[in-house]
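# Notes for the structure review
Here are the chains, one letter per residue:
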Amino acid sequence: MKSPYIKVAGLAMLLMLSACKDDFLDQYDPNAISTAQFFKTEGDVLMAVNGVYQSLRSSNTIGEGSYLYTDERSDDAGRNDNQSNAGEPFQFNDFSLLPSNTYLKSHWVSMYSSIARCNTVLASIDNVTFANPETKEQYRAEVKFVRALVYFHLVRKWGDVPLVTTPLLTSDEIAANTFREKQGVVYQQIVADLKEVVASPLPARQTGSNTGRVSKTAGNALLGQVYLTMATTLDQANRDSNLREAKTYLTAAYNMRTFGALKEIPYTDVFDVDKEATNPELIFQIVNRQGDVNYASTIAATFQARGETINSLKPGTGIGVRASLDLVKEYEAGDLRKEFSVKFAEHSAVRDWFITKFRDTSPAAGTTGYGGNDWILMRYADVILMLAEVHLYLGEEAQAIEYLDMVRERANMPKYLIARNDPAYSQKFPTLKLAILHERRVELAFERHRWYDLLRFFTTEELVSYFHAKNQADYGTAKLSNFTRKDRYYPIPFDETKLDPVRMYQNEGY
């Protein structure tokens with residue numbers, strides 16, 4: 001059989017060798033060199049590890065351009081154009097996604113390409129002698145973190161997915177491994193990988209030229225998030241134990257911070273291109289190089305609407321990336337995060353809200369739009385709000401409020417116990433759980449968290465009711481009424497199911 005996934009797995013040796021030279025931003029392409037020939041020295045392993053990092057940059061994986069697969073699936077963003085080239089992207093926030101969608105297929109293939117790179121490195125690293133054994137263990141931990149991270153994205157989007165942890169080199173191996181593994185088993189592998197990361201000799205924080213590489217803080221934060229997700233979405237028999245594990249690892253990540261209170265770090269500094277490399281709130285990021293045609297960020301220019309100059313010196317020619325009115329209305333009066341994150345474009349061809357959270361108007365980025373925005377995958381405000389969530393579920397409401405207030409205080413918002421006395425606030429967010437979800441929405445808007453937050457905070461039935469209760473006019477052209485039970489997961493790409501409809505069975509409703 002020749003599904004997209006099989007092609008990725010079978011070509012693992014070629015895919016993973018798109019690595020880097022002197023640092024992990026520079027590509028290296030040894031092409032036809034076999035794995036056995038390639039892995040000879042520590043430098044060879046480093047180039048392959050850098051190739052693993054390189055795989056995350058793609059918009060089809062989890063890079064800065066991957067908003068189609070998360071933000072546009074949620075109620076935060078989404079396009080109104082359902083014609084021509086936007087027809088297939090429109091399916092994501094219209095909840096009319098088809099298994100034949102080519103963007104969906106590209107996302108699937110790209111994610112498994114990243115995993116194939118990881119598996120090849122892990123299968124080869126022990127064949128190389130290292131001067132310092134700790135270096136080998138650090139590389140191993142970095143790759144296991146990436147594999148766990150990608151599988152975490154896959155299992156939340158598709159549910160049961162193929163689980164492959166070794167290179168597949170023959171057609172028989174490919175056939176034997178092409179089947180959907182149960183979610184619980186996939187999560188077990190994710191946890192196992194991340195436990196090795198937190199027990200590894202990785203530093204607590206990466207700095208200098210190593211900024212953008214995996215740290216022990218990142219391992220603890222991701223493992224805590226995984227346990228929190230398991231507690232809220234899997235078998236409830238293990239809910240309490242998973243919550244306690246989530247608390248342990250998230251607290252460990254929080255205690256590794258190098259600053260005092262979150263309010264010490266201005267919100268706008270988090271996204272400042274001149275401060276991202278040393279900002280203590282950032283835990284894990286994809287590093288971009290300002291002005292570099294291959295490794296610059298284009299998010300500032302891409303998101304900018306026609307007639308606007310707030311994001312980039314490159315003139316906007318379209319509508320930018322649209323922010324939903326539903327999100328705009330959720331910001332509280334006086335919330336500084338609203339002014340920084342969204343703006344209404346007055347141009348007659350736009351007349352809509354667009355995203356301004358990612359900016360680079362420096363001369364170095366210039367009119368080409370080759371900006372220096374790092375793509376932030378993990379930061380401390382997220383960890384703090386997850387700790388609020390965990391404490392809430394454990395019945396520790398006072399501690400939950402304490403963490404929630406850390407984020408609100410930084411945004412110059414009233415503390416929770418004061419805010420809930422405001423009828424406008426309490427009507428919108430009548431419970432502490434909804435208040436935490438609200439805070440996550442406005443704090444982390446457009447950072448690819450919202451869809452996963454909705455999946456974690458609500459059961460499938462609750463999520464259907466949540467979307468149907470929204471005002472259609474605030475959502476856009478896409479139809480909220482299309483949202484049903486099926487939309488809890490993406491469909492398995494058609495090319496996967498047609499060749500083995502039994503082992504690559506389709507998700508419910510597709």
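Treat the numbers as computed from the prediction; the structure is a model and nothing was measured.

## What about the overall build of the protein?
- For the protein, the count of helices and strands is 23 helices and six strands.
- Against the compact-globule benchmark of 24 Å for 510 residues, the protein has a radius of gyration of 22 Å, which places it among compact chains.
- Counting only C-alpha atoms, the protein reaches 65 × 55 × 50 Å along its principal axes.
- Out of the 510 residues belonging to the protein, those deemed buried represent 59%.
- The long-range fraction of contacts in the protein, counting pairs at least 24 apart against all pairs at least 6 apart in sequence, stands at 69%.
- For the protein, the computed accessible surface area is about 19,500 Å², with 51% contributed by carbon and sulfur atoms.

## A few points about the packing of aromatic side chains
- The full count for this structure, using the stated rule, is 30 aromatic pairs.
- Where Phe259 meets Tyr380, the ring centres are 5.3 Å apart and the plane angle is 80 degrees; that geometry is what we call edge-to-face. With Phe259 in the loop between α11 (239–255) and β3 (282–286) and Tyr380 in helix α15 (residues 380–393), the pair connects residues that are 121 residues apart, well separated along the chain. Grouping residues by exposure puts Phe259 and Tyr380 together as buried.
- Taking the centre distance of 6.1 Å and the plane angle of 80 degrees together, the rings of Phe271 and Phe358 count as edge-to-face. In this pair, Phe271 is assigned in the loop between α11 and β3 and Phe358 in the loop between β5 (352–355) and β6 (375–379), connecting sequence segments 87 residues apart.
- Judged by its relative accessible area of 5%, Phe358 falls in the buried class.
- Taken together, the ring pairs in this structure connect Tyr67, Tyr267, Phe271, Phe303, Phe340, Phe358 and Trp375 into an aromatic cluster.
- Taking NZ or CZ as reference, Arg156 lies 3.6 Å from the ring centre of Tyr452, over its face.
- Lying across the ring of Tyr254, Arg257 places its NZ or CZ 4.0 Å from the centre.

## A word on the nonpolar core
- One finds Phe145, Tyr151, Ile190 and Phe284 to be the most contacted residues of the largest nonpolar core, which totals 139 residues.
- Tallying contributions element by element places helix α7 (residues 133–158) first for this core, with 13 residues.
- What Ile190 contacts, discounting residues up to four positions off in sequence, is Ala148, Tyr151, Phe152, Val155 and Val226.

## Examining the packing of helix α20 (residues 450–457) against helix α21 (residues 460–468)
- Relative to each other, α20 and α21 sit at 125 degrees, their axes nearing to 8 Å. Taken together, α20 and α21 sit at an angle that is classed as oblique. Residues Arg450, Trp451, Leu454, Leu455 and Phe457 of α20 touch α21, and the partners they reach there are Glu462, Leu463, Tyr466 and Phe467.
- Looking at side-chain class alone, the contact of α20 with α21 contains seven nonpolar, no polar and two charged residues.

## Focus: the pairing of β6
- Most of β6 is tucked away, with five of its five residues classed as buried.
- Note: β3 against β6, four bridges, orientation antiparallel. Its bridge partner lying in β6, Ile286 is registered against Trp375.

## Things to note about the environment of Asn311
- Turning to its location among the elements, Asn311 is positioned in the loop between α12 (299–303) and α13 (325–328).
- On the accessibility criterion, Asn311 (0% relative accessible area) is buried.
- Sequence separation of Asn311 and Ala175 is 136 residues, and the distance between their C-alpha atoms is 48 Å.
- Filtering out sequence-adjacent residues up to four positions away, Asn311 remains in contact with Ala300, Phe303, Gln304, Phe354, Ile355, Thr356, Phe358, Arg359, Asp360 and Thr361.
- Side-chain polar atoms of Asn311 contact the backbone oxygen of Ala300, separated by 3.2 Å.

## Concerning the side chain of Ser324
- Mapped onto the elements of the fold, Ser324 is located in the loop between α12 and α13.
- Look at Ser324 and you get buried, because its relative accessible area is 1%.
- Those residues within four positions of Ser324 in sequence are excluded, and the remaining contacts are Asp75, Asp76, Ala77, Arg441 and Asp474.

## Re the pattern of salt bridges
- The tally for this structure, following the rule as stated, stands at 47 salt bridges.
- For Glu308, the salt bridge identified is with Lys343, shortest N-O distance 2.9 Å. Pair noted here: Glu308 is in the loop between α12 and α13 and Lys343 is in strand β4 (residues 342–345), with a separation of 35 residues, a long-range link.
- Residue Arg337 is joined to Glu443 by a salt bridge in which the shortest nitrogen-to-oxygen separation is 2.9 Å. Here Glu443 lies in helix α19 (residues 432–443) and Arg337 lies in helix α14 (residues 336–341), a separation of 106 residues in the sequence.

About the criteria used
Residues numbered from 1 in each chain as written. Predicted model: local features only at pLDDT ≥ 70, side-chain atom pairs only at ≥ 80, totals over all residues. Heavy atoms only, no water. Helix = DSSP H or I, 4+ residues; strand = E, 2+ residues; numbered from the N terminus. Rg over C-alpha atoms; globule rule 2.2 N^0.38 Å. Buried < 20%, exposed > 50% of the residue type's maximum accessible area, 1.4 Å probe, protein only. Contact = heavy atoms within 4.5 Å. Areas by Shrake-Rupley, 256 points an atom, 1.4 Å probe, with all protein chains shown as cover. Phe/Tyr/Trp six-rings, centres within 6.5 Å; stacked < 30°, edge-to-face > 60°. Lys NZ or Arg CZ within 6 Å of the ring centre and 35° of its normal. Core = buried A, V, L, I, M, F, W, Y, C linked by side-chain atoms within 4.5 Å. Axes fitted to C-alpha atoms, helices over the stretch in contact; angles between N-to-C directions. Parallel < 35°, antiparallel > 145°, perpendicular 65-115°, else oblique. Nonpolar A, V, L, I, M, F, W, Y, C, P; charged D, E, K, R; others polar. Pairing = 2+ DSSP bridges. Polar contact = N/O pair within 3.5 Å; in protein donor to acceptor, adjacent residues only side chain to side chain. Salt bridge = Lys/Arg side-chain N within 4 Å of Asp/Glu carboxyl O.

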